[in-house]
Amino acid sequence: PVPTYTYNENAPSKLFKNMSWLPEGKFNYLYFWTLQAYQGFAVLLPDYPGFGAPYGQCFIPYVIEKPIARATIDITKAAQSVLSANKYRYKSEILVTGYSQGAYVATAFTREIDTNPIHGLKAKLLVAGGTPANLKHMTDIIRHSEEVKAPYLLPYAIWAFHKNGYTGLNPQDVFNEPYATDSYKYFDGTYESLDEYFPNKVSELFTEKIIKDLDFDPTLAYANSVLKENSITPWANKCKIVMVHGISDDIVYYQNAKDFANQQKLAGGNITFHSVLGDHLTAVIPYYLEASTYLSMYK
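Please read all numbers here as calculations on a predicted model, not as lab measurements.

**Quick word on the packing of helix H3 (residues 65-85) against helix H4 (residues 101-115)**
As a packed pair, H3 and H4 sit with axes 8 Å apart at the nearest point and diverge in direction by 75°. Classified by the angle their axes make, H3 and H4 are roughly perpendicular. On H4, the residues that touch Glu65, Ile68, Ala69, Thr72, Ile73 and Thr76 of H3 are Tyr104, Val105, Ala108, Phe109, Arg111, Glu112 and Ile113. Here the contact of H3 with H4 is built from residues that sort into eight nonpolar, two polar and three charged.

**Focus on the pattern of salt bridges**
Per the stated rule, a full pass over the model turns up 10 salt bridges. The salt bridge partner of Arg143 is Asp140, with a shortest N-O separation of 2.8 Å. Here Asp140 and Arg143 lie together in helix H5 (residues 135-143), a separation of three residues that amounts to about one turn. Each member of the pair, Arg143 as well as Asp140, carries the same accessibility label: buried. Asp250 is the salt-bridge partner of Lys149, the closest N and O atoms lying 3.0 Å from each other. Of this pair, Lys149 sits in the loop between H5 and helix H6 (153-163) while Asp250 sits in the loop between strand S3 (240-246) and helix H12 (254-266), placing them 101 residues apart in sequence. What makes Asp250 partly exposed here is its relative accessible area of 30%.

**Examining the sheet that holds S3**
Pairing between sheet strands relies on hydrogen bonds along the backbone, with the strands arranged either parallel or antiparallel. Strand order in this open sheet of four strands is S1-S2-S3-S4, and the pairing throughout is parallel. Only two strands of the sheet have a single partner each, and these edge strands are strand S1 (93-99) and strand S4 (271-276). Neighbour-to-neighbour, the strand axes of the sheet open up by a mean angle of 15°, direction not taken into account. One ladder, built from six bridges, connects S3 with S4; its direction is parallel. Bridge assignment links Val244 to a residue of S4, and that residue is His274.

**Looking at the packing of aromatic side chains**
In this description, a pair of aromatic rings is defined by centroid distance and the angle of the planes. Applying the stated rule across the entire model yields 23 aromatic pairs. Ring centres of Tyr254 and Phe273 lie 5.8 Å apart, and the angle between their planes is 70°; this geometry places the pair in the edge-to-face category. Placement of Tyr254 in helix H12 and of Phe273 in strand S4 is noted, with a sequence separation of 19 residues between them. You'll find Tyr254 and Phe273 in the same group, each marked buried. Cluster of aromatic residues (ring-pair linked, three or more members): Phe59, Tyr62, Tyr156, Trp159, Tyr179, Tyr184, Tyr186, Phe187, Tyr191, Tyr197 and Phe198. Note that Lys163 overlies the ring of Tyr184, its terminal NZ or CZ placed 4.2 Å from the centroid.

**Examining the side chain of Ser100**
Its location among the elements puts Ser100 in the loop between S1 and H4. Apart from residues lying up to four places away in sequence, Ser100 is in contact with Pro3, Gly129, Gly130, Pro132, Val252 and His280.

**Considering the packing of H5 against helix H11 (residues 221-229)**
Interhelical geometry of H5 versus H11 gives an angle of 125° and a closest axis separation of 7 Å. As judged from the angle between their axes, H5 and H11 are oblique. The segment H5 lies against H11, with Leu135, Lys136 and Thr139 engaging Asn224, Leu227 and Lys228. By residue class, the composition of the contact of H5 with H11 is two nonpolar, two polar and two charged.

**Some words on the environment of Ile247**
Tracing the chain through its elements places Ile247 in the loop between S3 and H12. Note on Ile247: relative accessible area 44%, which makes it partly exposed. Separated by 137 residues in sequence, Ile247 and Thr110 have C-alpha atoms that sit 24 Å apart. Apart from residues lying up to four places away in sequence, Ile247 is in contact with Tyr254, Ser275, Val276, Leu277 and Gly278.

**Here we look at the environment of Thr131**
With respect to the element layout, Thr131 can be found in the loop between strand S2 (122-129) and H5. Note: C-alpha distance between Thr131 and Ala257 (126 residues apart in sequence) is 6.0 Å. Each residue touching Thr131, except ones within four places of it in the same chain, is listed here: Ala103, Tyr104, Thr107, Met243, His245, Val252, Asn256 and Ala257.

**A closer look at the nonpolar core**
Ranked by internal contacts, the top residues of the largest apolar core, which has 93 residues, are Phe161 and Phe206. Counting residues per element, this core draws most heavily on H6, at eight residues. Leaving out residues up to four positions away in the same chain, Phe206 has contacts with Ile142, Leu154, Val174, Phe175, Asn176 and Ile211.

**Here we look at the environment of Ile142**
Position of Ile142 relative to the elements: it lies in helix H5. As a C-alpha pair, Ile142 and Glu65 span 77 residues in sequence and 21 Å in three-dimensional space. Ignoring sequence-local partners within four residues, the contact set of Ile142 consists of Val148, Val202, Phe206 and Tyr253.

Rules and cut-offs
- Residues numbered from 1 in each chain as written.
- Predicted model: local features only at pLDDT ≥ 70, side-chain atom pairs only at ≥ 80, totals over all residues.
- Heavy atoms only, no water.
- Axes fitted to C-alpha atoms, helices over the stretch in contact; angles between N-to-C directions.
- Helix = DSSP H or I, 4+ residues; strand = E, 2+ residues; numbered from the N terminus.
- Parallel < 35°, antiparallel > 145°, perpendicular 65-115°, else oblique.
- Contact = heavy atoms within 4.5 Å.
- Nonpolar A, V, L, I, M, F, W, Y, C, P; charged D, E, K, R; others polar.
- Salt bridge = Lys/Arg side-chain N within 4 Å of Asp/Glu carboxyl O.
- Buried < 20%, exposed > 50% of the residue type's maximum accessible area, 1.4 Å probe, protein only.
- Pairing = 2+ DSSP bridges.
- Phe/Tyr/Trp six-rings, centres within 6.5 Å; stacked < 30°, edge-to-face > 60°.
- Lys NZ or Arg CZ within 6 Å of the ring centre and 35° of its normal.
- Core = buried A, V, L, I, M, F, W, Y, C linked by side-chain atoms within 4.5 Å.

Here you go:
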């Protein structure tokens, strides 16, 4: 699974449809996955629900653990059926990797199939880079800061919750106007870059009560529970997990991922955590290198 995008034309099935031209910065996906295909992998690079082929049919369940994991399970089984129908033989164990939002999806998917054999899928390896594991912890860091980078990300999550079953979560409890009512329109798939539409100053974007009283105001108890429910719970994993994270990451905070890795170990999990140089954007390069190495080792 790929990182966060809000523009429908950046869905993988749209982005790579015309191979005569790709936007600057998109070749890294193509190079990385072509390398894996060259090594003999069947590569699955799915669109997120609501983008690509199903554009407009739903609001993406952005960082909503259960539906995003189930959608990935469905698409993986569909891919296996296509392989079988075309006389390809494949190993039963899956190697999973993703960066940023893709790491959230990859981890949620791996946790689901690693803990529920009913799905009939088995993960051998997970390599996750820049992972936003604990949404509540990330929200706490943001609301206690003066400024936030990539300020559209939390609104993206809140609208996703609100539009995908958590209707009791009121955006007006979280955001100041006009963002509490008008910001929904920016997530319709027609905007490629959203940073300019949201303020970096925390006090301008978020309500005073969410900044000061998220843990104490009873009217915010539901928002608290939704964030906690969709934070990935550590588990005693059977597969190998490798996490890669930039030590200067101030978008998907380094300590957030590091704490998850420590909790995973305490839960009895098998995990390796690699601290690498770089912020959330530049750390993608060492992530690709680590992922390529581990995929080669475990294939």
